[in-house]
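# Inside the fold
Each chain, written out:
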Amino acid sequence: MVEIVRKAWADAEGSRSRAFTILEVLVATTILALLLVLVLSVISQSSNIWRSSIDKIESFQGARLAFESITRNLSQATLNTYLDYDDPVNPQQYLRKSELKFFADAAGTGTLPGTAKTGSAFFFQAPLGYTTNPSYIGMDSLLNTCGYFVSYTTNSAIPSHVTNAGNTYRYRLMQVLVPAESNTIYQGNLSSTAWFDAFAGVAQPVADNIIAVVVRPQDPGSAAGNLPNNQYAYDSTLNATASPQPVTSHQLPPVVQVTMVAIDETSAKRMDSGSSQPIEISTALNGKFSNPANYQADLDALVASLSAKNVNYRIFSSAVPIRESKWSK
(Lines give C-alpha, C1' and ligand atoms only; values in the text may rest on other atoms or scores of the structure.)
Protein backbone atom coordinates (compact mmCIF):
# COMPACT_ATOMS: atom_id res chain seq x y z
CA MET A 1 0.00 0.00 0.00
CA VAL A 2 2.82 2.37 0.89
CA GLU A 3 4.52 1.51 -2.37
CA ILE A 4 1.38 2.32 -4.35
CA VAL A 5 1.05 5.72 -2.65
CA ARG A 6 4.69 6.53 -3.29
CA LYS A 7 4.33 5.69 -6.98
CA ALA A 8 1.22 7.83 -7.35
CA TRP A 9 2.97 10.74 -5.68
CA ALA A 10 5.96 10.35 -8.03
CA ASP A 11 3.68 10.34 -11.07
CA ALA A 12 2.01 13.52 -9.86
CA GLU A 13 5.35 15.21 -9.33
CA GLY A 14 6.41 14.22 -12.86
CA SER A 15 3.26 15.65 -14.35
CA ARG A 16 3.80 18.94 -12.57
CA SER A 17 7.41 19.10 -13.83
CA ARG A 18 6.28 18.68 -17.44
CA ALA A 19 3.57 21.44 -17.34
CA PHE A 20 4.10 25.11 -18.52
CA THR A 21 4.39 27.81 -15.92
CA ILE A 22 2.27 30.96 -16.12
CA LEU A 23 5.37 32.97 -17.04
CA GLU A 24 6.17 30.65 -19.94
CA VAL A 25 2.61 30.88 -21.20
CA LEU A 26 2.73 34.70 -21.04
CA VAL A 27 6.07 34.84 -22.89
CA ALA A 28 4.80 32.47 -25.60
CA THR A 29 1.59 34.47 -25.97
CA THR A 30 3.56 37.72 -26.27
CA ILE A 31 5.85 36.27 -28.93
CA LEU A 32 2.86 34.91 -30.85
CA ALA A 33 1.15 38.31 -30.67
CA LEU A 34 4.29 40.06 -31.92
CA LEU A 35 4.57 37.61 -34.81
CA LEU A 36 0.92 38.17 -35.72
CA VAL A 37 1.40 41.96 -35.63
CA LEU A 38 4.50 41.66 -37.82
CA VAL A 39 2.75 39.40 -40.33
CA LEU A 40 -0.30 41.66 -40.48
CA SER A 41 1.94 44.70 -40.93
CA VAL A 42 3.77 43.06 -43.84
CA ILE A 43 0.46 42.01 -45.41
CA SER A 44 -0.95 45.54 -44.99
CA GLN A 45 2.14 47.18 -46.51
CA SER A 46 2.15 44.73 -49.40
CA SER A 47 -1.55 45.38 -49.98
CA ASN A 48 -1.01 49.16 -49.94
CA ILE A 49 1.89 48.90 -52.37
CA TRP A 50 -0.19 46.65 -54.62
CA ARG A 51 -3.17 49.03 -54.58
CA SER A 52 -0.90 52.03 -55.16
CA SER A 53 0.78 50.31 -58.10
CA ILE A 54 -2.55 49.32 -59.62
CA ASP A 55 -3.89 52.88 -59.17
CA LYS A 56 -0.83 54.32 -60.89
CA ILE A 57 -1.02 51.83 -63.74
CA GLU A 58 -4.71 52.55 -64.30
CA SER A 59 -4.27 56.32 -63.90
CA PHE A 60 -1.40 56.58 -66.36
CA GLN A 61 -2.65 53.98 -68.85
CA GLY A 62 -5.12 56.45 -70.32
CA ALA A 63 -2.43 59.13 -70.44
CA ARG A 64 -0.05 56.81 -72.26
CA LEU A 65 -2.69 55.92 -74.88
CA ALA A 66 -3.55 59.59 -75.36
CA PHE A 67 0.12 60.49 -75.83
CA GLU A 68 0.53 57.77 -78.43
CA SER A 69 -2.53 59.13 -80.25
CA ILE A 70 -1.10 62.67 -80.26
CA THR A 71 2.27 61.62 -81.62
CA ARG A 72 0.74 59.29 -84.22
CA ASN A 73 -1.68 61.91 -85.56
CA LEU A 74 0.83 64.76 -85.39
CA SER A 75 3.37 62.78 -87.40
CA GLN A 76 0.82 62.69 -90.27
CA ALA A 77 0.31 66.48 -90.41
CA THR A 78 0.36 67.83 -93.94
CA LEU A 79 0.25 71.16 -95.80
CA ASN A 80 0.52 70.03 -99.45
CA THR A 81 2.78 73.03 -100.11
CA TYR A 82 3.35 74.12 -103.71
CA LEU A 83 5.08 76.96 -105.56
CA ASP A 84 3.06 79.58 -107.44
CA TYR A 85 3.34 83.17 -108.63
CA ASP A 86 2.94 85.85 -106.01
CA ASP A 87 0.51 87.70 -108.30
CA PRO A 88 -1.13 85.89 -111.25
CA VAL A 89 -1.73 89.22 -113.04
CA ASN A 90 1.68 90.79 -112.48
CA PRO A 91 3.99 88.01 -111.30
CA GLN A 92 7.26 89.03 -109.71
CA GLN A 93 8.41 85.93 -107.90
CA TYR A 94 7.48 82.47 -106.77
CA LEU A 95 6.08 81.94 -103.30
CA ARG A 96 5.32 78.87 -101.24
CA LYS A 97 1.56 78.45 -100.96
CA SER A 98 -0.89 76.10 -99.28
CA GLU A 99 -4.59 75.99 -98.47
CA LEU A 100 -3.85 73.99 -95.31
CA LYS A 101 -2.53 75.28 -92.02
CA PHE A 102 -0.47 74.35 -88.98
CA PHE A 103 -0.94 76.39 -85.81
CA ALA A 104 0.34 76.29 -82.22
CA ASP A 105 0.27 78.84 -79.41
CA ALA A 106 -0.31 79.16 -75.66
CA ALA A 107 -3.64 77.63 -74.60
CA GLY A 108 -6.23 79.94 -73.11
CA THR A 109 -4.73 83.12 -74.55
CA GLY A 110 -6.72 85.41 -76.82
CA THR A 111 -9.46 83.35 -78.46
CA LEU A 112 -7.60 80.06 -78.15
CA PRO A 113 -9.36 77.27 -76.25
CA GLY A 114 -7.99 75.62 -73.14
CA THR A 115 -6.96 76.66 -69.66
CA ALA A 116 -4.23 79.26 -69.41
CA LYS A 117 -0.75 78.12 -68.32
CA THR A 118 -1.34 74.49 -69.30
CA GLY A 119 0.98 74.62 -72.28
CA SER A 120 -0.01 74.62 -75.94
CA ALA A 121 -3.13 74.55 -78.05
CA PHE A 122 -2.15 73.17 -81.46
CA PHE A 123 -4.09 72.32 -84.60
CA PHE A 124 -3.21 70.81 -87.96
CA GLN A 125 -4.55 68.99 -90.99
CA ALA A 126 -3.89 65.27 -91.43
CA PRO A 127 -5.26 62.44 -93.60
CA LEU A 128 -6.78 60.50 -90.70
CA GLY A 129 -9.79 59.19 -92.63
CA TYR A 130 -12.36 60.17 -89.98
CA THR A 131 -15.93 60.58 -91.21
CA THR A 132 -19.47 60.27 -89.88
CA ASN A 133 -20.94 59.80 -93.36
CA PRO A 134 -21.53 56.10 -94.08
CA SER A 135 -20.91 56.76 -97.78
CA TYR A 136 -17.31 57.72 -97.02
CA ILE A 137 -16.45 54.80 -94.75
CA GLY A 138 -13.28 53.07 -95.93
CA MET A 139 -11.71 56.19 -97.44
CA ASP A 140 -8.68 56.13 -95.16
CA SER A 141 -6.98 59.22 -96.60
CA LEU A 142 -9.78 61.70 -96.00
CA LEU A 143 -8.44 65.00 -94.66
CA ASN A 144 -9.35 66.03 -91.12
CA THR A 145 -8.71 68.99 -88.87
CA CYS A 146 -7.17 67.73 -85.64
CA GLY A 147 -6.06 69.56 -82.50
CA TYR A 148 -5.30 69.24 -78.79
CA PHE A 149 -5.31 71.38 -75.68
CA VAL A 150 -5.74 70.99 -71.91
CA SER A 151 -8.81 72.32 -70.16
CA TYR A 152 -9.86 72.27 -66.48
CA THR A 153 -13.48 71.23 -66.84
CA THR A 154 -16.11 68.59 -66.23
CA ASN A 155 -16.43 65.64 -68.58
CA SER A 156 -18.56 66.81 -71.50
CA ALA A 157 -18.86 63.22 -72.72
CA ILE A 158 -21.19 62.38 -69.80
CA PRO A 159 -24.79 63.22 -70.81
CA SER A 160 -26.53 65.83 -68.66
CA HIS A 161 -29.43 63.47 -67.88
CA VAL A 162 -27.09 60.93 -66.24
CA THR A 163 -27.29 61.55 -62.49
CA ASN A 164 -24.81 60.50 -59.81
CA ALA A 165 -22.13 60.09 -62.46
CA GLY A 166 -19.46 61.77 -60.36
CA ASN A 167 -18.76 64.36 -63.05
CA THR A 168 -15.96 66.15 -61.22
CA TYR A 169 -13.71 68.94 -62.43
CA ARG A 170 -10.36 67.67 -63.67
CA TYR A 171 -7.57 68.76 -65.96
CA ARG A 172 -8.44 66.99 -69.19
CA LEU A 173 -6.71 66.57 -72.53
CA MET A 174 -9.22 67.68 -75.16
CA GLN A 175 -9.21 66.64 -78.80
CA VAL A 176 -10.73 68.41 -81.78
CA LEU A 177 -11.35 66.00 -84.64
CA VAL A 178 -13.43 67.39 -87.47
CA PRO A 179 -15.09 64.88 -89.84
CA ALA A 180 -13.89 65.16 -93.41
CA GLU A 181 -17.32 66.26 -94.64
CA SER A 182 -17.33 69.16 -92.12
CA ASN A 183 -13.82 70.40 -92.89
CA THR A 184 -13.94 74.13 -93.66
CA ILE A 185 -10.28 74.62 -94.48
CA TYR A 186 -10.97 75.17 -98.19
CA GLN A 187 -13.84 77.63 -97.66
CA GLY A 188 -12.32 80.92 -98.72
CA ASN A 189 -9.45 82.84 -97.15
CA LEU A 190 -9.92 81.81 -93.53
CA SER A 191 -7.97 83.49 -90.75
CA SER A 192 -5.24 81.59 -88.94
CA THR A 193 -7.72 80.30 -86.34
CA ALA A 194 -11.16 80.35 -88.04
CA TRP A 195 -10.70 76.83 -89.43
CA PHE A 196 -10.74 75.32 -85.93
CA ASP A 197 -12.49 78.00 -83.83
CA ALA A 198 -15.92 76.70 -84.75
CA PHE A 199 -15.09 73.19 -83.57
CA ALA A 200 -13.05 73.88 -80.41
CA GLY A 201 -16.25 74.25 -78.39
CA VAL A 202 -17.27 70.64 -79.10
CA ALA A 203 -13.87 69.12 -78.33
CA GLN A 204 -14.02 65.78 -76.54
CA PRO A 205 -11.89 64.63 -73.59
CA VAL A 206 -9.46 61.84 -74.41
CA ALA A 207 -7.63 61.57 -71.06
CA ASP A 208 -8.15 62.83 -67.50
CA ASN A 209 -5.56 64.36 -65.16
CA ILE A 210 -3.37 65.75 -67.93
CA ILE A 211 -2.14 69.02 -66.44
CA ALA A 212 0.01 70.23 -69.35
CA VAL A 213 0.87 69.46 -72.95
CA VAL A 214 3.65 71.41 -74.64
CA VAL A 215 4.70 71.34 -78.28
CA ARG A 216 8.03 72.77 -79.37
CA PRO A 217 8.68 73.01 -83.14
CA GLN A 218 12.34 72.27 -83.89
CA ASP A 219 14.85 72.22 -86.72
CA PRO A 220 17.42 69.46 -86.10
CA GLY A 221 19.60 70.96 -88.83
CA SER A 222 20.26 74.15 -86.86
CA ALA A 223 23.03 74.52 -84.29
CA ALA A 224 20.77 74.34 -81.21
CA GLY A 225 17.85 72.54 -82.87
CA ASN A 226 15.72 75.70 -82.71
CA LEU A 227 13.69 77.43 -85.37
CA PRO A 228 14.73 80.98 -86.35
CA ASN A 229 12.06 82.57 -84.14
CA ASN A 230 12.82 80.13 -81.28
CA GLN A 231 9.26 80.17 -79.94
CA TYR A 232 6.64 77.66 -78.88
CA ALA A 233 4.19 79.47 -81.16
CA TYR A 234 3.98 78.47 -84.81
CA ASP A 235 1.69 79.77 -87.55
CA SER A 236 2.31 78.49 -91.07
CA THR A 237 0.35 81.43 -92.55
CA LEU A 238 2.15 84.22 -90.67
CA ASN A 239 3.63 86.82 -93.08
CA ALA A 240 3.21 84.31 -95.88
CA THR A 241 3.06 87.03 -98.55
CA ALA A 242 6.14 88.90 -97.33
CA SER A 243 9.21 89.16 -99.51
CA PRO A 244 11.25 87.26 -98.67
CA GLN A 245 8.97 84.76 -97.01
CA PRO A 246 9.80 83.66 -93.47
CA VAL A 247 11.17 80.14 -93.38
CA THR A 248 8.05 78.98 -91.51
CA SER A 249 5.61 80.23 -94.17
CA HIS A 250 3.57 77.34 -95.55
CA GLN A 251 6.09 74.85 -94.18
CA LEU A 252 5.74 72.21 -91.52
CA PRO A 253 8.42 72.09 -88.85
CA PRO A 254 10.70 69.08 -89.41
CA VAL A 255 10.34 67.88 -85.82
CA VAL A 256 7.95 68.70 -83.00
CA GLN A 257 8.99 67.95 -79.42
CA VAL A 258 5.84 66.90 -77.53
CA THR A 259 5.83 66.87 -73.73
CA MET A 260 2.82 65.82 -71.67
CA VAL A 261 2.53 65.86 -67.86
CA ALA A 262 -0.02 63.62 -66.13
CA ILE A 263 -0.93 63.11 -62.47
CA ASP A 264 -2.75 60.16 -60.91
CA GLU A 265 -6.37 60.15 -59.77
CA THR A 266 -5.42 59.70 -56.11
CA SER A 267 -3.50 62.99 -56.15
CA ALA A 268 -6.28 64.67 -58.11
CA LYS A 269 -8.88 63.62 -55.54
CA ARG A 270 -6.74 64.85 -52.66
CA MET A 271 -6.37 68.29 -54.28
CA ASP A 272 -9.96 68.49 -55.56
CA SER A 273 -11.30 72.01 -55.09
CA GLY A 274 -14.42 71.90 -57.20
CA SER A 275 -14.59 74.34 -60.09
CA SER A 276 -11.47 76.17 -58.89
CA GLN A 277 -8.15 74.89 -60.13
CA PRO A 278 -6.07 73.18 -57.43
CA ILE A 279 -3.66 75.76 -56.09
CA GLU A 280 -0.88 73.15 -56.00
CA ILE A 281 -1.11 72.62 -59.77
CA SER A 282 -1.76 76.19 -60.88
CA THR A 283 1.19 77.38 -58.77
CA ALA A 284 3.46 74.67 -60.17
CA LEU A 285 2.53 75.61 -63.76
CA ASN A 286 2.72 79.37 -63.29
CA GLY A 287 5.37 81.01 -65.44
CA LYS A 288 6.43 77.79 -67.16
CA PHE A 289 6.95 77.04 -70.86
CA SER A 290 6.90 80.54 -72.28
CA ASN A 291 10.49 80.52 -73.59
CA PRO A 292 11.92 77.42 -75.31
CA ALA A 293 15.40 78.37 -74.11
CA ASN A 294 14.20 77.62 -70.56
CA TYR A 295 12.43 74.37 -71.45
CA GLN A 296 14.54 72.02 -69.33
CA ALA A 297 14.71 74.44 -66.40
CA ASP A 298 10.91 74.85 -66.50
CA LEU A 299 10.41 71.09 -66.62
CA ASP A 300 12.79 70.53 -63.70
CA ALA A 301 11.04 73.24 -61.67
CA LEU A 302 7.63 71.69 -62.40
CA VAL A 303 8.87 68.26 -61.28
CA ALA A 304 10.30 69.76 -58.08
CA SER A 305 7.01 71.52 -57.29
CA LEU A 306 4.92 68.38 -57.84
CA SER A 307 7.30 66.27 -55.75
CA ALA A 308 7.24 68.81 -52.92
CA LYS A 309 3.43 68.51 -52.81
CA ASN A 310 3.57 64.67 -52.88
CA VAL A 311 1.80 64.61 -56.24
CA ASN A 312 2.29 61.40 -58.21
CA TYR A 313 3.12 62.35 -61.77
CA ARG A 314 4.36 60.93 -65.03
CA ILE A 315 6.07 62.82 -67.87
CA PHE A 316 5.75 61.67 -71.46
CA SER A 317 8.08 63.21 -74.02
CA SER A 318 8.98 62.43 -77.60
CA ALA A 319 10.49 64.15 -80.63
CA VAL A 320 7.98 63.58 -83.44
CA PRO A 321 9.29 63.78 -87.02
CA ILE A 322 6.71 65.25 -89.41
CA ARG A 323 6.72 62.92 -92.40
CA GLU A 324 5.32 65.46 -94.88
CA SER A 325 7.73 68.23 -93.90
CA LYS A 326 9.67 69.52 -96.90
CA TRP A 327 11.74 71.91 -94.83
CA SER A 328 13.82 74.28 -96.90
CA LYS A 329 15.63 77.48 -95.98
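A short tour of the structure in this document, coming up. (Residues numbered from 1 in each chain as written. Predicted model: local features only at pLDDT ≥ 70, side-chain atom pairs only at ≥ 80, totals over all residues. Heavy atoms only, no water.)

The subject of this paragraph is the overall build of the chain. Helix and strand counts for the chain come out as 6 helices and 11 strands. By sequence separation, contacts in the chain at least 24 residues apart represent 68% of the contacts at least 6 residues apart. Element-wise, carbon and sulfur atoms account for 57% of the exposed surface of the chain, whose accessible area totals about 18100 Å². (Helix = DSSP H or I, 4+ residues; strand = E, 2+ residues; numbered from the N terminus. Contact = heavy atoms within 4.5 Å. Areas by Shrake-Rupley, 256 points an atom, 1.4 Å probe, with all protein chains shown as cover.)

So, on to the pairing of strand β4 (residues 120-126). The element β4 is extensively covered by neighbouring structure, given that 7 of its 7 residues are classed as buried. For strand β3 (residues 102-106) and β4, the ladder comprises 5 bridges, and the chain directions are antiparallel. By the bridge assignment for β4, D105 is matched with A121. Inspection of the sheet shows β4 paired to strand β5 (residues 144-153) by 5 bridges, in the antiparallel sense. In the strand pairing of β5, F122 is matched with Y148. (Buried < 20%, exposed > 50% of the residue type's maximum accessible area, 1.4 Å probe, protein only. Pairing = 2+ DSSP bridges.)

Quick look at the pattern of salt bridges now. For the structure on display, the rule yields 4 salt bridges. Here K326 makes a salt bridge to E324, at a shortest N to O gap of 3.5 Å. Its relative accessible area of 58% is what places K326 among the exposed residues. If you follow the salt bridges from partner to partner, you end up with R170, E265 and D272 in one network. (Salt bridge = Lys/Arg side-chain N within 4 Å of Asp/Glu carboxyl O.)

This part covers the sheet that holds strand β7 (residues 204-208). Strand order in the open sheet formed by 6 strands is β7-β6-β5-β4-β3-β9, and the pairing between neighbours is antiparallel. Edge strands, defined here as strands with exactly one partner in the open sheet, are β7 and β9 (234-235).

Ordered in space as β8-β10-β11, the 3 strands form an open sheet in which the pairing is antiparallel. Every other strand in the sheet has two partners, leaving β8 (210-218) and β11 (313-321) as the edge strands with one partner each. Adjacent strand axes in the sheet meet at a mean angle of 10° when their direction is disregarded. As paired strands, β8 and strand β10 (residues 255-263) are joined by 8 bridges and run antiparallel to one another. Pairing of P217 across the sheet is with V256, part of β10. Strand contacts of helix α6 (residues 295-308): β8, β10 and β11, with the helix running at about 160° to β11, the strand carrying the most contacts. (Axes fitted to C-alpha atoms, helices over the stretch in contact; angles between N-to-C directions.)

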